[in-house]
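Chain and residue survey
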Amino acid sequence: MNELNPFWDIQPPHLNGYFLSKKGEFKLSPINQKETQLTGTTWYEVNVKPEFYWKWWSDFIIHKIHLRVLNHIKDQSEKI
């Protein structure tokens, strides 16, 4: 991630290794002949103190991102 600023070279510490996304996946699992479950998972590290506080916010934000992506996939697949 880069800070977009045309006037100064800003190096905010929150962009330097404090949130590190390791891996992500979307998994399809059949429920029955007409339904499929889609699950999104992200593995990441939070290196900000206090970690329990920032981990809670990170989990919340990642969950919101997953829901947005999964709902978009659901909406698109139901149009077919």
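I will try to describe carefully the structure that is included in this document. Quick caveat: nothing in here was measured; it's all calculated off a predicted structure.

This part takes up the pairing of strand E2 (residues 36-46). Bridge analysis of strand E1 (residues 19-30) against E2 gives eleven bridges, and the strand direction is antiparallel. Bridged to Pro 30 within E2 is Thr 36. Linking E1 back to E2 in an antiparallel pair, the connection comprises five residues.

Looking at the secondary structure, you find Pro 30 in strand E1. Sequence-distant contacts of Pro 30, that is, excluding residues within four places in its chain, are made with Glu 35 and Thr 36.

Criteria and thresholds
Residues numbered from 1 in each chain as written. Predicted model: local features only at pLDDT ≥ 70, side-chain atom pairs only at ≥ 80, totals over all residues. Heavy atoms only, no water. Pairing = 2+ DSSP bridges. Helix = DSSP H or I, 4+ residues; strand = E, 2+ residues; numbered from the N terminus. Contact = heavy atoms within 4.5 Å.

Everything listed here is a matter of coordinates, which is why it stays silent on function.
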